[in-house]
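Each chain is listed here by its residues.
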Amino acid sequence: MLTDDLPIYIFDGTFYGLLTAIFESYERKHPRIQLCCRETYAPEFFSGHIDIHSDKVKAQRVWRGLQQKVASVHLGHFYKAFFSEQAAIHLALFRYARYIFDHPAGHDFNYGHEDVLAIAQMSQRVHREKHRMEAFVRFKKSGNGLFFAVISPDYNVLPLISKHFRNRYADQPWLIYDERRKYGIHYDLHALHEVTIDFTQEQAMTAQTAVIIDAQEELYTQLWKDYFRSTNIAERRNMKLHIQHVPRRYWRYLTEKEGKL
Amino acid sequence: MYERIREKLSILADAAKYDVSCSSSGSDRKNTGKGIGDTGSGICHTYTEDGRCVSLLKILLTNFCIYDCAFCVSRRSNDIRRAAFTVEEVVSLTMNFYRRNYIEGLFLSSGIFKDADYTMERMLRIVKKLRLEENYNGYIHLKTIPGASEALVTEAGLYADRMSINLEMPTEQGLQLLAPEKSHEEVKRELAVIRDQAVAYNSERKLIKTTPKFVPAGQSTQMVIGATPESDKDIMHTAQAFYKHYALKRVYYSGYIPISNDSRMPAVGTRPPLIRENRLYQTDWLMRFYDFDVAELLNDEHPNLDMDMDPKLAWALRNPHIFPVDINTADYKLIIRVPGIGIRSAQKIIAARKFGKLHIHQLKKMGIAYNRAQYFIRCADSPFLLREPDPSQLKALLLRQSTSKYRTTAPEQLTLF
Ligand code: SF4
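What you are looking at is a predicted structure, and each value in this text was computed from that prediction instead of being measured.

Helix and strand content of chain A: 9 helices and 8 strands. When the backbone C-alpha atoms are referred to their principal axes, chain A occupies close to 65 × 45 × 40 Å. Relative to its 261 residues, chain A shows a buried fraction of 51%. Counted over contacts in chain A with a minimum sequence separation of 6, partners at least 24 positions apart contribute 68%. Taken as a whole, chain A presents about 12,600 Å² of accessible surface, with 53% of it coming from carbon and sulfur. When the 35 basic and 31 acidic side-chain charges of chain A are each reduced to a single mean position, those positions are 6 Å apart.

Dropping the structure here:
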């Protein structure tokens, strides 16, 4: 396929940026484009590109347009697929939006269309990772009453899971930190805040040495490990299935798997 | 203190693990007034090394028991370590596990200590304390103690999300053989109490909004498979009858793991019937989600499930006159009957074909198991076959293709079709 002569849009990698790019493609009459993130864009390979500046008003117009044309479940797919951070997904989302806007309502159900299906499937993968993190977060209680956890999800699901944790743990302060993306979400009994922690503190958290742990913490960690062992039925042992459900890359963050790696 | 609670937990979790129910879904308790916890679609927080989902803290209040059911580790004649939790211990274990996001909630069962009401009354105290004092809105699954008074059982239903009582053996004869002190009649009586109360509360709620929820996630039961000689037909016909008459949410099938040298049952060391258990769960799914009647899958001619292949494939091979199914025109109900096509892909097919005839490459992308399904379907570009392969050839072909995937998966987590 010849993509060389397609206009190149450079955006900031944010959700609003993507929506702005979609808006501008209509203004500039570019039904097909190439889309790059500013961070990863290497200008020497391309001559001439269009800089997209995230624009809240333009973005919201596109979002409202989508809202009117697709079922709410598909709107959710669009949003979730974005958090996959996969290189190809930005362009797929762009093409999806163009396809939706250029056809009568209802075409979001055309799973025979490549982009419609790709968005649905990517959203499902992100959803699975979101669900997995809702399961795999393991809080440790620190001396000052804060429940904290470290995760390293495959996709950027922290924004997608914070509501679940806020609803469930409304009466305890907590902090979930994404080690890979170097930011966390903190709940202070009133609201959610995004936090970034400097490297030394982060090291302290994963090493769990410098943080002052609540006196009871050791007991419950131990009891949970005991429980995990006791509820297993040795005669049914099936490690293949175990690993399929609890892949090794998550063991580092799971209390019950401590020391198993 | 530290060591004592560890010992208790080990004993009472070990004794509870044979109850296979792990579901934590089907309830929609909200976290009101900034308390703790909610329930929703259910989360498996981890999986044991046997591959089973760990969603709930599953424990017995005590493993002391006045009964002597031959299939049960806690039976009074068994020489084992015994222990009992206090009400406070169960509450603080639940709360501390829940706060650390280890679990979705509590599954509380018990041996029968002194008598049924004495035991049930303590279990009731635990759930009340959790709900009323701890402001806890997480999941609670409570086992009904057989023979407990209607008043206690009904009150417990106001605090639990799910209640269950086990049939234990698939037939009354089987149960009489191994636990003559128990009966299916008693189980039916208990299930009916909850069913009728739930109906009453629900209709009252239609008039008075503030009527409390009663066992919102419904009832379930469990049968032990392979301890007694029932056929798969006996098992699944019992399951269908209980689904129907007692509006059960789930029936669980627990492959018997030999725990005693009782000559009436398989000897210690016999492998638990895991494949059979898996096939029973698949049959259960076909009945609940794929609109199969149990008699289509299991009848006098075919009283037992095929261990080599899943029950949907077995059914399809027995009914060649129904196939091939045209993907572009057939009803949804027929499409979900095709081996290799699940609910999700069937829904996608129905939605997508409105936009044009579907082709093989699209079906493959939608996630159907095309290798399996191809022999049962036609789509826009299906190759023209001079002669359809006959069922016996097809069976051999598919068996050769299939990996050992169905041999190793456990019931709750399998990829079904
Ligand atoms: S009553 Fe329950 S705990 Fe007691 S022996 Fe029978 S099955 Fe086991």
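Further remarks concern the domain arrangement of chain A. Residues and elements named next belong to chain A. When the domains of chain A are assigned, the result is domain 1 (8–129) and domain 2 (137–257). Each of domain 1 and domain 2 has a C-alpha centre, and these two points are 33 Å apart. On the side of domain 2, 9 residues touch domain 1, which itself brings 9 residues to the contact. The junction of domain 1 with domain 2 conceals about 820 Å² of combined surface from both sides, 62% of it contributed by carbon and sulfur atoms. For domain 1, the biggest contributors to the area lost against domain 2 are F83, E85 and E129; these three give 66% of the whole. Put simply, domain 1 and domain 2 have 1 salt bridge between them. One can count 4 residue pairs in polar contact (both at pLDDT 80 or more) joining domain 1 with domain 2. Looking at the side of domain 1 that touches domain 2, the elements that each hand over two or more residues are α3 (72–82) and α5 (114–136). The element contributing the most residues to the side of domain 1 that touches domain 2 is α5, with 3 residues. For the side of domain 1 that touches domain 2, the per-class residue count stands at 3 nonpolar, 2 polar and 4 charged.

A word on the site of the ligand. Taken together, B:C65, B:Y67, B:C69, B:C72, B:R75, B:G111, B:I112 and B:K182 form the complete shell of residues around the ligand. For the shell around the ligand, the per-class residue count stands at 5 nonpolar, 1 polar and 2 charged.

Quick look at the sheet that holds strand β7 (residues 219–225) of chain B now. All names here are of chain B. The 6 strands are arranged β3-β4-β5-β6-β7-β8 in an open sheet whose pairing can be described as parallel. Only two strands of the sheet have a single partner each, and these edge strands are β3 (56–60) and β8 (250–255). Pairwise comparison of adjacent strand axes, ignoring direction, gives a mean angle of 20 degrees for this sheet.

Definitions and limits used
- Residues numbered from 1 in each chain as written.
- Chains lettered and ligands numbered in written order.
- Predicted model: local features only at pLDDT ≥ 70, side-chain atom pairs only at ≥ 80, totals over all residues.
- Heavy atoms only, no water.
- Helix = DSSP H or I, 4+ residues; strand = E, 2+ residues; numbered from the N terminus.
- Buried < 20%, exposed > 50% of the residue type's maximum accessible area, 1.4 Å probe, protein only.
- Contact = heavy atoms within 4.5 Å.
- Areas by Shrake-Rupley, 256 points an atom, 1.4 Å probe, with all protein chains shown as cover.
- Lys, Arg positive; Asp, Glu negative; His and termini not counted.
- Charge placed at Lys NZ, Arg CZ, Asp CG, Glu CD.
- Domains from an automatic or database assignment.
- Buried area = accessible area lost by both parts, 1.4 Å probe.
- Salt bridge = Lys/Arg side-chain N within 4 Å of Asp/Glu carboxyl O.
- Polar contact = N/O pair within 3.5 Å; in protein donor to acceptor, adjacent residues only side chain to side chain.
- Nonpolar A, V, L, I, M, F, W, Y, C, P; charged D, E, K, R; others polar.
- Near = heavy atom within 4 Å.
- Pairing = 2+ DSSP bridges.
- Axes fitted to C-alpha atoms, helices over the stretch in contact; angles between N-to-C directions.

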